[in-house]
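Given next are the chains, with one letter for each unit.
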Amino acid sequence: MSVVGIDVGFQNCYIAVARSGGIETIANEYSDRCTPACVSLASKNRMIGNAAKSQVITNFKNTVHGFKKFHGRAFDDPFVQAEKPKLPYGLHKLANGNTGIKVRYLDEDKVFTVEQITGMLLTKLKETSESALKKPVVDCVISVPSFFTDAERRSVFDATQIAGLNCLRLINDTTAVALAYGIYKQDLPTPEERPRNVVFVDMGHSSFQVSITAFNKGKLKVLATAFDLYLGGRNFDEALVDYFCEEFKGKYKLNVRDNPRALLRLHQECEKLKKLMSANSSDLPLNIECFMNDIDVSSRMNRGQFEDMCSQYLMRVEMPLKSALEQSKLSRDDIYAVEIVGGATRIPAIKERIAKFFCKDVSTTLNADEAVARGCALQCAILSPAFKVREFSITDVVPFPITLRWKTPTEDGLGECEVFSKNHAAPFSKVITFHKKEPFDLEAFYSSPQDLPYPDHRIGCFSVQNVAPQPDGDSSKVKVKVRVNVHGIFSVSSASLIEKQKGEGEDMQIDSEPLVQNEGRLKISNTLLEKNGWFSGFRIQEGASGEKQDPAAGASKPKVKVKSVDLPILANNIRQLDSDVLNNFVDYERQMIVQDKLVKELNDAKNAVEEYVYDLRDKLCGIYEKYITEEDGNRLTLMLEDTENWLYEDGEDQPKQVYEEKLDALKRLGQPIQDRHREHEDRPRAFEELGKKLQLYMKFDERYLHLSAEEMSTVEKCVNESMGWMNSKMNAQSKLAITQDPVVKVADIIAKIQELDNVCNPVMNRPKPTVEEAPEVNDQNSGAHNGPTAKQGAEGKADAKGSQQTKPGAKEMEVD
């Protein structure tokens, strides 16, 4: 079973796998451990990863990148509208209001959802994993930013299903980094001791995340998280782009923003320049040839200028650090270390500000690019039954407070309560007890929209069905279980109605679900509803699980049986894909995979013809020249030239079978030449090997005296026949020109060697028998046993003179 962790970044992706007793970051077909988060759509197929990135300039309208933050967002979302002018490809409003991506695929205008585009990327990462592991990949753990909302997480989860992956967990980026950091530490404090608090700072290409985590032996607990959704490496790139756009406008009279292709090239060069300035403080050049209108442009920049230009972004670094520290209720002295990851943390000015805030040097013990993927792979190994991993529990947090609101059709008022506060432990379940006579609706939403980096604070609506009053007309007790699962997704996981049944029996305590660790209970009554207003008050009993106490508990009452009946729940989550739509996307992804495979096979067939033409033409003027007549050589050269011209004209777009037929036609003429060359090179060595074998089997000395005459005759006959065959073939071959097909092939010589070995080896390598194995000596005249046995003859010399030994296998005789 495979164990894979995937870090799907805004700009790049990394894959880590658990194997050989450790975690390894694997490389793709380009030997690059980093795969660009790019998908390029074309007239025949898709290109994903490195191949797609090479199309960013040439096919910019159909090459999709920077789509990660469109998950779960509406087309009218302010963030989407702000990003739209910056993108070279088009966005489209879908029927459900979500953001679609408009491109041209298979010569048709297509609109893909963000889930589909991410599914394509994950398909590529899955293929890369399978290529490295040499086995199918299904189970995985995928990272998401800690600030992703419910809708965004559901969108990513749907993308994993489109790609055919079984996502065991969506894990927060900083939590994955914390796991990669802590699981290898041997000196963590015991559970009874004070925990070790470590700050993890992750600044990638598009966002800035901070988390503070407490470590004890065998566990980690996230205490607080903070973020800046719009601060990352690309802000610094854009600052450089803005600067050079203005400079080139004045210096070269070029309006760069009017040319998307030139703007993309400038973005690429500015990103390279930013990385160079992180390692060098001197003036560095920026040169782009044929930038626009066949004009070469050049400029210079140094780190000091760059930091002054980006001061507004550097000032924003401190705010998330301060927020996380305040939420954790820790002081700077309580912080053991500050670990930084993410590409943008390599900028010296950012390192300085982080170190200055915490009053300690930042630590770079983790791989800045691969730490998230490695943490994902570790989490997958922990969840997989195929791997035995050190016990290590993970407690994450709910990033935003979640409130539940409820109402029934006949009620005028509403009730609500906060079920999960900010930084509440997750995964976590709570049970809420309602007293209802009819079905009711539950609406979940984030209760602090001002802190939410998302315009819609709703999570979803859940309708609890089949609620009815008790037989005596009283309200029924309904227990509803709400949960934030391992993916960080909120759900109303179950609902049950407690029915009273009169009869003999003892009182029963009913729990609608097994008691599990970190299970909380919320007992709420709706008797305090305020008409035409909000819920004014309620009573929360943490851990309450029994029945409501009657004031007259001491009085005698009939014993009542109760039973739990599961109730159906209709869920309507915000921006959730319908199951039918999701299934259609899965089927369409499979069709696109088949199409990509067909195109690859077609290209391979075409490339095989082209490669054969170039290879054979070069060798006809080289090593193959003496193996073909001048007439045949001219004819074959002309055929190769015609095929080359055909490839770039009529043969540019042909079915796979046509290319295969062309290759076969060329090989019918070219293969005999190749065979003659190979035979001429290998034949002397084969004959030499056969000659050595013949010499070996012709040697008969005292080592072979134990062989019978019949056996010796068999060997001699086989050797003579083989020698005659070899001499005849060598003589016949010597009479042929080098341009003619050989009379004997290397394969024939090898077969003759094998035939010789099969006959001679068993005979000549038969071991000489020991003396004890020889038969007893009998008198040939009388048939009586008169002489010593073979054993006796071995122990002492015979007394009779002239005694002699016969060959093994023959009988011994006494001679007077």
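Residues numbered from 1 in each chain as written. Predicted model: local features only at pLDDT ≥ 70, side-chain atom pairs only at ≥ 80, totals over all residues. Heavy atoms only, no water.

Student: Tell me what's going on with the overall build of the protein, and back it up with residues and numbers.
Tutor: A tally of regular secondary structure across the protein gives 18 helices and 30 strands. Excluding contacts between residues fewer than 6 apart, the proportion of contacts in the protein whose partners are at least 24 apart in sequence is 69%. Accessible area of the protein: about 41,200 Å², with a carbon and sulfur share of 49%. (Helix = DSSP H or I, 4+ residues; strand = E, 2+ residues; numbered from the N terminus. Contact = heavy atoms within 4.5 Å. Areas by Shrake-Rupley, 256 points an atom, 1.4 Å probe, with all protein chains shown as cover.)

Student: Explain the packing of aromatic side chains to me, and be specific about the residues and the numbers.
Tutor: Overall, the coordinates contain 23 aromatic pairs when judged by the stated rule. Among the aromatic residues, those joined into a ring-pair cluster are Phe 147, Phe 148, Phe 227, Phe 400 and Tyr 446. Looking at Arg 332, its charged tip hangs above the ring of Phe 357, at a distance of 4.3 Å from the centre. Positioned over the ring face of Trp 646 is Lys 662, at 4.8 Å from the centre of the ring. (Phe/Tyr/Trp six-rings, centres within 6.5 Å; stacked < 30°, edge-to-face > 60°. Lys NZ or Arg CZ within 6 Å of the ring centre and 35° of its normal.)

Student: I'd like a description of the nonpolar core, backed by residues and values.
Tutor: Membership of the largest hydrophobic core comes to 77 residues, with the highest contact counts inside it found for Leu 442 and Phe 490. Looking at this core element by element, the count peaks at 7 residues for helix H3 (residues 114-133). The residues that make up this core include at least three from each of domain 1 (4-232 + 314-394) and domain 2 (400-501 + 561-574). Once residues within four sequence positions are removed from consideration, Leu 442 is found in contact with Leu 404, Arg 405, Trp 406, Phe 434, Gly 460, Cys 461, Phe 462, Val 464, Val 480 and Val 492. In terms of nonpolar packing, the next biggest core, distinct from the first, is built from 49 residues, Leu 263, Met 277, Met 292 and Ile 340 among them. (Core = buried A, V, L, I, M, F, W, Y, C linked by side-chain atoms within 4.5 Å. Buried < 20%, exposed > 50% of the residue type's maximum accessible area, 1.4 Å probe, protein only. Domains from an automatic or database assignment.)

Student: Give a description of the sheet that holds strand E6 (residues 46-48) that names residues and reports values.
Tutor: Taken in spatial order, the 3 strands of this open sheet run E6-E5-E7, and their pairing is antiparallel. Two strands in the sheet have a free side with no partner beyond their single neighbour: E6 and strand E7 (63-65). The mean inter-strand angle of the sheet, taken between neighbouring strand axes irrespective of direction, is 15°. As defined by bridge partners, strand E5 (residues 38-41) adjoins E6 across 3 bridges and the pair is classed as antiparallel. Its bridge partner being in E6, Val 39 is matched across the sheet by Ile 48. (Pairing = 2+ DSSP bridges. Axes fitted to C-alpha atoms, helices over the stretch in contact; angles between N-to-C directions.)

Student: Quick rundown of H3? Include the residues and the values.
Tutor: With 20 residues, H3 ought to run about 28 Å at 1.5 Å a step, and its terminal C-alpha atoms sit 28 Å apart, in line with that. Burial of H3 is extensive: 16 of the 20 residues sit out of reach of the surface. Immediately beyond the C-terminal end of H3, within one or two residues, lies Lys 134, with a positive phi of roughly 60°. (Expected span 1.5 Å × (residues − 1).)

Student: Go over the environment of Val 759, please, and point to the residues and values.
Tutor: In this structure, Val 759 sits in helix H17 (residues 746-764). Looking at Val 759, the relative accessible area reads 29%, which means it is partly exposed. Put simply, Val 759 and Val 719 are 40 residues apart on the chain and 9.4 Å apart in space, counted from C-alpha to C-alpha. If sequence neighbours within four positions are ignored, Val 759 has contacts with Thr 714 and Cys 718.

Student: Got a sec to walk through the packing of helix H6 (residues 233-251) against helix H7 (residues 260-279)? Specific residues and values, please.
Tutor: For the pair H6 and H7, the least separation of the axes is 9 Å and the interaxial angle reads 115°. Judged by the sense of rotation from one axis to the other, the crossing of H6 with H7 is right-handed. Residues Gly 233, Phe 236, Asp 237, Glu 238, Leu 240, Val 241, Phe 244, Cys 245 and Phe 248 of H6 form the contact with H7, whose own contacting residues are Leu 263, Leu 266, His 267, Cys 270, Glu 271, Leu 273, Lys 274 and Met 277. (Left-handed = near helix turned anticlockwise from the far one by under 90°.)

Student: Quick rundown of the packing of helix H16 (residues 709-734) against H17? Include the residues and the values.
Tutor: Two elements in contact, H16 and H17, have axes separated by 9 Å at closest approach and are oriented at 165°. Relative to H17, the element H16 is oriented roughly antiparallel. For the element pair H16 and H17, the recorded crossing hand is left-handed. Residues Glu 711, Thr 714, Val 715, Cys 718, Val 719, Ser 722 and Trp 725 of H16 form the contact with H17, whose own contacting residues are Asp 748, Ile 749, Lys 752, Leu 756, Val 759, Cys 760, Val 763 and Met 764. Considering only residue class, the contact of H16 with H17 consists of 10 nonpolar, 2 polar and 3 charged. (Parallel < 35°, antiparallel > 145°, perpendicular 65-115°, else oblique. Nonpolar A, V, L, I, M, F, W, Y, C, P; charged D, E, K, R; others polar.)

Student: How would you sum up the side chain of Lys 430? Please name residues and give values.
Tutor: Of note, Lys 430 is situated in strand E23 (residues 428-436). At a separation of 2.7 Å, a polar atom in the side chain of Lys 430 contacts the main-chain carbonyl oxygen of Val 419. (Polar contact = N/O pair within 3.5 Å; in protein donor to acceptor, adjacent residues only side chain to side chain.)

Student: Outline the sheet that holds strand E21 (residues 415-420), listing residues and values.
Tutor: Across the sheet, which stays open at both edges, the 5 strands sit in the order E21-E20-E24-E25-E30 with antiparallel pairing between neighbours. Taken across any chain shown, the strands that pair with only one partner, and hence form the sheet edges, are E21 and strand E30 (569-573). The mean inter-strand angle of the sheet, taken between neighbouring strand axes irrespective of direction, is 20°. By the bridge criterion, 5 bridges tie strand E20 (residues 402-407) to E21 in an arrangement that is antiparallel.

Student: Outline unusual backbone geometry, listing residues and values.
Tutor: Here the bond from Ala 426 into Pro 427 is cis, since omega is 0°, no more than 30 degrees from zero. Despite not being glycine, Leu 106 shows a phi value in the positive range, around 55°. Tracing the chain through its elements places Leu 106 in the loop between strand E9 (99-105) and strand E10 (108-113). Look at Leu 106 and you get partly exposed, because its relative accessible area is 31%. Even without glycine at this site, Lys 253 takes up a positive phi of about 60°. With respect to the helices and strands, the residue Lys 253 is situated in the loop between H6 and H7. For Lys 253, a relative accessible area of 69% corresponds to the exposed category.

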